[in-house]
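Examination of the molecular architecture
As a plain string of letters, each chain reads:
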Amino acid sequence: MEVTTCISLPFKNCLVLSASFMLVYTAYLAIQNLQSSLNQEANLGVASLSVLYGSIILFGTQAPSVIKLIGAKRVLVLAWVIHIIYTASNFYPTWGTLIPTSGLMGAIAGPMWTSQGLYITSLGEDYASLNGLNTEEGLHSVLSKFNGIFFMFYEITQVTGNLISSLVLSTGADSSSSSKLTDLSMCGANDCPSVDPANSSSNTTSIGKESPHRSVIYILLGIFLVFNVSGFLLTLFALPKHKETRRTSPPSVSESIYSCFRMAVSPRMVPLIPLFMAQAMAIGVLYADYTKAFVTCALGVEWVGFIMASYGLLCAFFAFAINHLAKWFGRMAMFLAAVVMDSSTLLFMLLWQPSHDSHIITYFAVPCLSGISEGIIQAQFNTLVAQLFKKNMSSAFATYHTSKATSFTITFALSLFICLRTRLLVALSLYGLGLAGYLWTEFRVRRGDWFVDDGDKEDDAACVNEKTAVVVACNTDNNISIVKHP
């Protein structure tokens, strides 16, 4: 019985870690999707997202130093405290409250996701050791299992958070402000930032449905605070202190910066970066612009959660199912399908003008296609990176996430100055460049003549630990990848 208990302990701790992230990110991702709709005054919501993702890029490489200073568990506890403060700042969203807390959120993101990766790795090592799985293949199998559990919990948050937000906001929807009584001519691609920042309704899409009463928003934020506090308490009292091992010891800051820079300018990585950034820009437009200029403007903010939940559901499903489909159709077909779907959503937003006669199902088309595309790309980039960057997969993953965070920041920042129609054209152009770079890469791979440049180094210690590729320093997206190092 004692042996069984010891073996189950790492599994239990994996569930604790996963559940704490699910609780906290149920609140965060829902708030992120609502920022551009609820805080339209002087584009405060979008500006806060720009600051958040900009801080991720700026402070991402400081993760090793922070973890060495206070430890992985304290990093998670501190991260949840910051999440609580961030949610609380939305009760009174101003430039003096929301912008600083958004900066804190971005600053803690790197250390937080690094700590998550270190925990999963050490728990996987413990579990493998207790079960006699002492080979590299055995450890990889356990890590895949633990990561699968974690991201199952994580992907659920896009569904739970969005459903909660729509259910609560629907109770405060004012039928007298129905979109049938409003002018929708400035919805959709015609959405532009106001030329007069002093105007209280600074974005022209505010002529659509009015925001819910503040008391309803307070109820929603109160619910999200309960989720944040629950995740904080679960981590504080149920998650043990992280046990550092040789495999999970974080690298130095200088090593992280140097390795990430070398990978970013690698001749094999450069052609792929436009595709990484184009896909992130499409998702950024979905988060900040589609939710505001199409859904909120025409239907009301109470519909944002329902519609975005479809994105999370399909993204989670296809991220799991696409590996089976890839066996039949191959990686290139999957990538081309994802590019076509993302480009179609951008083109659809460019050409479609919401109207009183638009069927409600029409509004689900963009997030559904985006969810399928995201699920495909998340899975298939792993195989591409594994083949191209066999000796430094971790740095490649780090560059991938850093380029996505950069694209998010640019997308949100441009929305403060440039009309949506122009930004959609920019995203489509970037996708064209990205597709050309990807096809060039596949051409070189299939010919078997892709060279190995000086950036390939066996130790790859700058962004990860040896042998098991755990992105620990430059991972700036909302996930972390653990893959078998050859």
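Residues numbered from 1 in each chain as written. Predicted model: local features only at pLDDT ≥ 70, side-chain atom pairs only at ≥ 80, totals over all residues. Heavy atoms only, no water.

**Brief notes about the nonpolar core**
The test is simple: We call a set of buried Ala, Val, Leu, Ile, Met, Phe, Trp, Tyr and Cys residues a nonpolar core when their side-chain atoms join them within 4.5 Å. Note on exposure labels: buried denotes an accessible area under 20% of the residue type's maximum, exposed denotes more than 50%, and partly exposed covers the range between, all computed with a 1.4 Å probe on protein chains only. Runs of H or I in DSSP of at least four residues are treated as helices and runs of E of at least two as strands, each being numbered from the N terminus.
Counting 120 residues, the largest nonpolar core has F21, Y25 and Y290 as its most contacted members. Sort the elements by how many residues they give to this core and helix α9 (residues 273-298) lands first, with 19 residues.

**A short note on the state of the cysteines**
When the sulfur atoms of two cysteines share a covalent bond, that bond is a disulfide. Definition in use: Any two cysteine sulfur atoms within 2.5 Å of one another count as a disulfide.
Using the criterion set out here, one finds two disulfides in the structure. Put simply, C187 and C297 are joined by a disulfide, and their sulfur atoms are 1.8 Å apart. As the torsion about the S-S bond is roughly -70°, the C187-C297 disulfide counts as left-handed. Taken together, the residues span a long stretch of sequence, with C187 in the loop between α6 (136-171) and α7 (214-238) and C297 in helix α9 at a distance of 110 residues. The burial state of C187 is the same as that of C297; both residues are buried. Between C192 and C419 runs a disulfide, and the two sulfur atoms are separated by 1.8 Å. On the S-S bond that ties C192 to C419, the torsion sits near 115°, and the link is right-handed. With C192 in the loop between α6 and α7 and C419 in the loop between α13 (393-414) and α14 (420-447), this pair connects stretches of sequence that are 227 residues apart. On the accessibility criterion, C419 (26% relative accessible area) is partly exposed.

**Topic: the side chain of N13**
Worth spelling out the cut-off: Contact criterion: two residues are considered in contact whenever any of their non-hydrogen atoms come within 4.5 Å of each other.
Relative to the elements of secondary structure, N13 occurs in helix α1 (residues 2-38). The contact partners of N13, leaving out residues within four places of it in the chain, are L123, A238, L239 and P240.

**Things to note about the packing of aromatic side chains**
Note the cut-off: Two rings from Phe, Tyr or Trp (for Trp, the six-membered ring) form a pair when their centres are within 6.5 Å of each other. A pair whose planes differ by under 30 degrees is stacked, one over 60 is edge-to-face, and the rest are tilted.
Counted by the stated rule, this structure contains 27 aromatic pairs. Ring geometry for W113 and Y154: centres 5.6 Å apart, planes at 85°, overall edge-to-face. Pair noted here: W113 is in helix α5 (residues 98-130) and Y154 is in helix α6, with a separation of 41 residues, a long-range link. Judged on exposure class, the residue W113 and its partner Y154 are both buried. With 6.3 Å between their ring centres and 10° between their planes, Y287 and F408 make a pair best called stacked.

**What about the pattern of salt bridges?**
Rule in force here: Any Lys or Arg side-chain nitrogen found within 4 Å of a carboxyl oxygen on Asp or Glu counts as a salt bridge.
Per the counting criterion, the structure on display carries three salt bridges. Across the pair K292 and D191 runs a salt bridge, and its minimum N-O distance is 3.4 Å. With K292 in helix α9 and D191 in the loop between α6 and α7, this pair connects stretches of sequence that are 101 residues apart. In this structure, D289 and R423 form a salt bridge, with 2.7 Å as the shortest nitrogen-oxygen distance. Of the two residues, D289 is situated in helix α9 and R423 in helix α14; the sequence distance between them amounts to 134 residues. With a relative accessible area of 2%, D289 lands in the buried category.

**Side note on the confidence of the model for the chain**
A low pLDDT means the predicted coordinates there should not be read in detail. Counted only if it meets this: The pLDDT value expresses, per residue, how confident the predictor is, ranging between 0 and 100.
For the chain, per-residue confidence averages 79 on the pLDDT scale, and residues scoring 70 or more make up 76% of the total. Looking across the chain, the model is least confident in strand β1 (residues 468-470), with a mean pLDDT of 33, and most confident in helix α4 (residues 72-89), with 96. Every residue in residues 175-181 is under pLDDT 50, and counting partners more than four places away or in other chains gives nine contacts. Across residues 451-486, confidence stays below pLDDT 50; counting only partners more than four residues off in sequence or on other chains, it has 143 contacts.

**Things to note about the side chain of N33**
Note the following rule: In protein, a polar contact requires one atom able to donate a hydrogen and another able to accept it; more generally it is a pair of N or O atoms within 3.5 Å, and residues adjacent in sequence count only if both atoms are side-chain atoms.
With respect to the helices, strands and loops of the structure, N33 is situated in helix α1. In this structure the side chain of N33 is engaged in a polar contact, spanning 3.0 Å, whose partner is the side chain of N162. Not counting residues within four places of it along the chain, the set of residues in contact with N33 comprises Q158, N162, Y287, T291, V304 and M308.

**Describing the environment of T291**
Topologically, T291 is positioned in helix α9. In sequence terms T291 and V304 are 13 residues apart; their C-alpha atoms lie 6.0 Å from each other. Among residues more than four places away in sequence, those in contact with T291 are N33, S36, S37, L286, T296, V304 and M308.

**Focus: α7**
Condition: For a helix, the expected span equals 1.5 Å multiplied by the residue count minus one.
Helix length check: α7 (25 residues) gives 35 Å between terminal C-alpha atoms against 36 Å at 1.5 Å per residue, within 8%. What α7 keeps buried is the set V216, I217, L220, L221, F224, L225, N228, G231, F232 and T235.

**Some points on the packing of α9 against helix α11 (residues 331-351)**
To keep it simple, the criterion reads: Working convention: axes come from line fits to C-alpha atoms, limited for helices to the stretch in contact. Angles between N-to-C directions cover 0 to 180 degrees. Handedness of each helix crossing follows the sense of rotation of the near helix against the far helix: counterclockwise by less than a right angle gives left-handed, clockwise gives right-handed.
The N-to-C vectors of α9 and α11 enclose an angle of 35°; their axes lie 11 Å apart at closest approach. Of the two elements, α9 crosses α11, and the hand of that crossing is left-handed. Side by side, α9 and α11 meet where L275, Q279, A282, V285, Y290 and F294 of the first sit next to F335, V339, D342, L346 and M349 of the second.

**A word on helix α3 (residues 63-70)**
Note the threshold: Note that the arc is computed from the directions linking the helix axis to the C-beta atoms.
Inspection of α3 places A63, P64 and I67 among the buried residues, and these make up the whole buried set. Viewed along the axis of α3, the buried residues span an arc of 100°, placing them on a single side of the element. In the segment just after α3, G71 is the residue with positive phi, at about 95°.

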